Amino acid sequence: MPDNISDSDFDSDPGRGTGMSSGPRGATGHGRPGGFATTDEYTVDLREADETWAETVGGKGAHLGALSRIDGIGVPAGFCVTTDAFRRAMADVPSIGERLDELSRSTQDDRETIRTLSARIRRTVEETPVPGDVAAAVTRALARFGEQAAYAVRSSATAEDLPTASFAGQQDTYLNIIGPAAVLRHISRCWASMFTERAVIYRQRNGIDHRAVHMGVVVQQMVFPHAAGVLFTADPVTGNRKVATVDAGFGLGEALVSGLVNPDVFRVRNGEVVARTIAAKERAVLAVPTGGTHDVAVDPRERERPALTDAQAVRLVELGRRIEAHFGRPQDIEWCLVDDGFRIVQSRPVTTLFPVPVPESGIEENHVYVSVGHQQMMTDPMKPLGFSMWQLTAMVPMVEAGGRLFVDVTRRLASRTSRDGLLDVMGKGDPLVRDALETVLAREGFVPSLPDPAPGGPPSAGAPDPIATDPAVLTELVERSRASVAALERDIRTRTGPALFAFLLEEAFEEHKRILGDPLSMRAIMAGMDATWWLNETLGEWLGEKNAADTLTLSAPDNVTSQMGLALLDVADVIRPRPEVLAFLRDVEPGRDATFLEDLARVPGGGEARDAIEAYLDRYGMRCVGEIDITRPRWRERPTTLVPVILDNVRNFGPGAAGRRFEEGRRKARQKEQDVLSRLRTLPDGDRKADEARRMIDRVRTFIGYREYPKYDIISRYFVYKQALLSEAERLVETGVLPEKEDAFYLTFREFHEAVCANRVDERLIRQRKETFRSYQALPTPRVLTSDGEAYAGAYRRDDVPAGALTGLPVSAGTVEGKARVVLDMAEADLEAGDILVTTFTDPSWSPLFVGIAGLVTEVGGLMTHGAVIAREYGLPAVVGVERATRRIRNGQRIRVHGTDGYVEVLD
């Protein structure tokens, strides 16, 4: 439940609440007047609103109106003061525009400025009288319900209770307010609460403009409940959609949210209470007859009596499921119990749960999903065009949830034979995924058991013939790829409109998958991986060596990703002796991409610099951070992204560094090979062991570099696809169908195709997708997810890590100590020699940074993911899979990375 902070205690200011009505966030009444007009310019009867009225009555008012329309759901009666009334009132507030401008210029980290400005705005709003026409409308509405009745006066902002941001508790509610003058005074306070410090910061964190938000106010009759609380229709801790959680206490719900008492907690699944915790409820918040609330001591004989019976908890959850079905997602519901009947006083979406994939079959059964992003080193959400394109070109079926992709592994887990193989592969790559899967398997009955395949069936094809250790194999594969991409570039030029989409679906994507699934290519990849595992396991057994392959694969040939990092050192060599070029690059502003290369060529010496960068972009310009999402801007589209890295290379290296670094790695690998072989020969049966190890060393150095090439092929194709699709988006802009070409990124491939055919797009869908995408960015990506909604991160089951150290997966041997450089955006990297890079994930586009660092720590990764492979090639001690590393390690702290043993020590 979100924190709710009150600025004064409940007795000193009658009815001052903490952002809630008279359920846990304040209680309201019931009963509906009838037979009279219920709407005028500044007020709307609650019964007339629904979800579509958010701009008129705010999010809370719209949701309450929608709730009142659901059969069987009791909602206290009342009316809404509209956002037009708010705008009318703000027009009378002195200097409000100037003060909002000041507030907009502040940042969420500048707490003192926000605190001062917001307090000044609140004070001014509260001191400004309610306009006479608004006051008259409110007074008329009160007369319909009873002028001297008790009311809850509740803030209802237009950016509140959204599917993407709940804003729970960010504005204020006032309880048990009696009389028109008091109601009007508290309406002003609700308006002012839009500028509390917490509400201002919440808007800034969610990217919402202060001027774009307006405040409605809900005025509802009070009720005085026996019990009140909160119902989550999904477990807020585990995310399980089949388990509802009920928190309950005596009296008004204010006692719960203020922390005055611990609630009773009921967990309900499939119509029965499966767990309950009954608290000793020593205090309760009750209404005062003259207005406001106060807390009182609960009779000691009553304190441990359950606030609800089991039957009442089950009935409440049934109502919650009805509400959840109406809104289409899990809900956080405020309720109160009056005379054995429930009144619902609020329902908002739970915005912190990771969405559940919709199964391909559509059948309601248990499923287990593994994250694709953790394998691809890109756990950020993807836009719809991005994830739908990846689905269409992937080799296995994938489902989307939260803007991320997942593979359904349920059937592979159901059979012991396939389960063991899956766990083995996952464990070698990322032990956290294996641990998460084993945790799911430990849930009795969740994963069905299927018998192993019966013997005597059709003969299996068996393992493929071993591939020869021959570099010519890789030359052939690379040439096939280049020829295929060149054919794609040629054939796509003549396709436009619907013909383009038909070509992509029927020809280009099929060729894409043919190249990606080439059996020879797969055998080459596995040859390098198998040799790596053999060397680490066997040399560990024979010599006690840990991760020997890390050194043996230094500067392995033909790794397109490590070559990409070294090639940018060569670009720095061209730029270094040209002071005018350096001055130009230091002054380049982000976003100046359209004319960057052209402007560079005008600087003395800039022609050569431009040619060097152009040559680099010709080879690697299709790459970018998060490159599996086709909607991400490529280096060719934003070449200024590379400028900070080029300048770091100029500062931290001398001429010829690329060649020297590669040769140094090769020398260390040869030296390690000689050392290993000589030590093996001293062992019993040493000559055989040495010969076997030498063959595997030759094999790993031949094939391990190719591990990166298929990804390069994919991204090369993606850039070709993207250029063609952007041309179609530009045509939609020219015909007025889309405001901006990038709006097409919020359509799936199929929807984009339909838009081109129909020359029409649903603008509301685009707006909704943008809001949804923004909300997804705040959600962490689970490694493993179930169809019940439970997200599993996995855990390291180790006892060999020093106390206080951060545990991870060792992927590149060695130990290094240095200054941590926490980088969340490659374009903002400012690295110095000896820095240790700490980041969330590193896909291939981060490789240019690797040449200038001393070590690597990431939150996501596995033994064979791109960052790990390149770290080994460059000889960087690296630990990946360190949970919350970017938050647990501060920028500038000295840390020690144990790349051999898999942990990080924070030294400062």
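Every value quoted in this text rests on a predicted model; they were computed, and no experiment measured them.

Conventions we followed
- All chains use their own residue numbering, which begins from 1 and follows the written sequence.
- Residue-level local features of this predicted model are given only where pLDDT is at least 70; pairs of side-chain atoms are given and counted only at 80 or more, and the full residue set underlies all totals for whole chains, interfaces and linings.
- Heavy atoms throughout the structure, all of them, feed into the side-chain values; hydrogens and water do not.
- Under the DSSP-based scheme used, a helix requires at least four consecutive residues in state H or I and a strand at least two consecutive residues in state E, with every element numbered from the N terminus.
- Based on C-alpha atoms, the radius of gyration is set beside the globule rule, defined as 2.2 Å times the residue count to the power 0.38.
- Each residue's exposure class comes from its accessible area (1.4 Å probe, protein chains only) as a fraction of the maximum for that residue type: buried when under 20%, exposed when over 50%, partly exposed otherwise.
- The criterion is simple. A nonpolar core is a set of buried Ala, Val, Leu, Ile, Met, Phe, Trp, Tyr and Cys residues joined through side-chain atoms within 4.5 Å.
- Contact definition: two residues touch when any of their heavy atoms are within 4.5 Å.
- Put simply, a salt bridge is a Lys or Arg side-chain nitrogen that is within 4 Å of an Asp or Glu carboxyl oxygen.
- Throughout, an axis means a line fitted to C-alpha atoms (over the contacting stretch in the case of helices), and angles, computed between N-to-C directions, take values from 0 to 180 degrees.
- Oblique is the label for any angle not covered by the other classes, which are roughly parallel (under 35 degrees), roughly antiparallel (over 145) and roughly perpendicular (65 to 115).
- For a crossing to be left-handed, the near helix must be turned anticlockwise from the far one by less than a right angle; the clockwise case is right-handed.
- Gly is put with the polar residues, along with every residue not named as nonpolar or charged; the nonpolar set is Ala, Val, Leu, Ile, Met, Phe, Trp, Tyr, Cys and Pro, and the charged set is Asp, Glu, Lys and Arg.
- Cavities and pockets were defined on a 1 Å grid built from protein atoms only: a cavity is a group of points that admits a 1.4 Å probe but offers it no way out, a pocket is an open group of points flanked by protein on both sides within 12 Å along at least five of seven lines, and a lining residue is one with an atom within 4 Å of any such point.
- Grid points are joined across faces, edges and corners, and a volume is the space filled by probe spheres set on the points.
- Two residue types count as positive, namely Lys and Arg, and two as negative, namely Asp and Glu; His and chain ends fall outside the count.
- Polar contacts here mean pairs of N or O atoms no more than 3.5 Å apart (in protein, one a potential hydrogen donor and the other a potential acceptor; neighbouring residues in sequence count only if both atoms are side-chain atoms).
- Two strands are said to pair when DSSP picks up at least two bridges between them.
- Here the expected length of a helix is defined as 1.5 Å per residue gap, with one fewer gap than residues.
- As used here, the arc belongs to the directions running from the helix axis to the C-beta atoms.

Here we come to the overall build of the protein chain. Counting its secondary structure elements, the protein chain contains 31 helices and 26 strands. Over its C-alpha trace the protein chain gives a radius of gyration of 32 Å, about what one expects of a compact globule, namely 29 Å for 908 residues. Each principal axis of the C-alpha distribution contributes one length, and for the protein chain these read about 95 × 70 × 60 Å. Counting across all 908 residues of the protein chain, residues that qualify as buried make up 57%.

Side chains that are nonpolar tend, in soluble globular proteins, to be buried together. Within the largest apolar cluster, 121 residues are counted, with the highest numbers of intra-cluster contacts made by W390, L504, I575 and F752. Looking at which element gives the most residues to this core, the answer is helix 26 (residues 709–734), with 13 residues. The residues touching L504, leaving out its near neighbours within four places in the chain, are I492, F509, Y721, L725 and F749. Core analysis: the next-biggest nonpolar cluster, separate from the first, contains 45 residues, A89, A135, A137 and M215 among them.

A word on the pattern of salt bridges. A full pass over the atoms with the stated rule returns 68 salt bridges. Across the pair R283 and D295 runs a salt bridge whose closest N-O atoms are separated by 2.5 Å. Remark: D295 occurs in strand 11 (residues 293–297) and R283 occurs in strand 10 (residues 283–287); sequence separation between them is 12 residues. Under the relative-accessibility criterion, D295 is labelled partly exposed at 26%. Linking E728 and R731 is a salt bridge whose minimum nitrogen-to-oxygen distance equals 2.4 Å. Residue E728 and its partner R731 are both found in helix 26; the two are separated by three residues, about one turn of the helix.

Okay, the packing of helix 3 (residues 96–105) against helix 4 (residues 111–127) next. Helix-helix packing is characterised by the crossing angle of the two axes and by the distance between the axes. The geometry of helix 3 relative to helix 4 is characterised by a closest axis approach of 10 Å and an angle of 160 degrees between their N-to-C directions. Looking at the two axes, helix 3 sits roughly antiparallel to helix 4. Crossing angle aside, the handedness with which helix 3 passes helix 4 is left-handed. Touching I96, R99, L100, E102 and L103 of helix 3 are L117, R120, I121 and T124, all from helix 4. Here the contact of helix 3 with helix 4 is composed, by residue class, of five nonpolar, one polar and three charged.

On to empty space enclosed by the protein. The final tally for this structure, using the stated rule, is five cavities of 30 Å³ or more. Computed from the structure, the largest cavity encloses a volume of approximately 100 Å³. Together, L477, R480, S481, I515, L516, D518, S521, Y706, Y709, P710 and D713 line the largest cavity. At the level of elements, helix 15 (471–492), helix 16 (497–516) and helix 26 are the ones that each hand at least two residues to the lining of the largest cavity. Across the lining of the largest cavity, the residue classes tally to six nonpolar, two polar and three charged.

Another point: unusual backbone geometry. Of note, the phi angle at N270 is positive, near 50 degrees, even though the residue is not glycine. Non-glycine residue R884 carries a positive phi angle of around 55 degrees. With respect to the helices and strands, R884 occurs in the loop between strand 24 (878–880) and helix 31 (885–888). Residue classification places R884 among the partly exposed positions, given a relative accessible area of 43%.

Attention now moves to the side chain of D843. Along the chain, the position of D843 falls in the loop between strand 22 (836–839) and helix 29 (847–850). One buried charged residue, D843, forms no salt bridge at all, with the nearest opposite charge on K711 at 5.9 Å. Engagement of the side chain of D843 in a polar contact is seen with the side chain of S845, the distance being 2.6 Å.

The strand order 1-2-5-3-4 describes an open sheet built from five strands, whose pairing is antiparallel. The two strands at the open ends of the sheet, each matched to only one other strand, are strand 1 (43–45) and strand 4 (173–178). Neighbour to neighbour, the strand axes of the sheet diverge by 25 degrees on average, direction disregarded. The sheet contact formed by strand 2 (residues 78–81) and strand 5 (residues 215–221) spans four bridges and is antiparallel. When the bridges of strand 5 are listed, C80 appears paired with V218. Helix-sheet contacts for helix 5 (residues 132–145) involve strand 1, strand 2, strand 3 (150–157) and strand 5, and the interaxial angle to strand 2 is about 175 degrees.

Right, let's talk about helix 4 for a bit. Under the 1.5 Å per step criterion, the end-to-end length of helix 4 is 24 Å for 17 residues, consistent within 8% with the ideal 24 Å. Taken as a whole, helix 4 has its buried residues at I114, L117, S118, I121, T124 and V125. Around the axis of helix 4, the buried residues are gathered within 125 degrees of arc, so they sit on the same side. In this fold, the buried residues of helix 4 make contact with helix 2 (83–90), helix 3, helix 6 (180–192) and helix 7 (197–205).

Turning next to the sheet that holds strand 18 (residues 791–792). Taken in spatial order, the five strands make up an open sheet running 15-16-14-17-18, and their pairing is antiparallel. A single partner strand is all that each edge strand has here, and the edge strands are strand 15 (399–401) and strand 18. Pairing between strand 14 (residues 368–371) and strand 17 (residues 784–786): three bridges, direction antiparallel. Counterpart to V368 in the pairing with strand 17 is T786. Lying on the sheet, helix 14 (residues 431–441) is in contact with strand 14, strand 17 and strand 18; it crosses strand 17 at an angle near 25 degrees.

In this section: helix 27 (residues 749–758). One turn of an α-helix holds 3.6 residues; hence residues three or four places apart share an orientation. Residues of helix 27 that are buried: F749, E751, F752, A755 and V756. The buried residues of helix 27 occupy an angular sector of 160 degrees when projected down its axis, which confines them to one face. The secondary structure elements touched by the buried residues of helix 27 are helix 11 (384–393), helix 16, helix 26 and helix 28 (763–776). Count one or two residues on from helix 27 and you reach N759, which has phi positive near 55 degrees.

This paragraph deals with the packing of helix 19 (residues 560–575) against helix 23 (residues 643–652). Running from N to C, helix 19 and helix 23 point in directions that differ by 70 degrees, and their axes come no closer than 9 Å. By the criterion of interaxial angle, the relationship of helix 19 to helix 23 is roughly perpendicular. Residues L568, L569, V571, A572 and I575 of helix 19 pack against V645, I646, N649 and V650 of helix 23. For the contact of helix 19 with helix 23, a count of residues per class yields eight nonpolar, one polar and no charged.

A few words now on the side chain of S388. On the secondary structure map, S388 appears in helix 11. Judged by relative accessible area, S388 falls into the buried class, the value being 7%.

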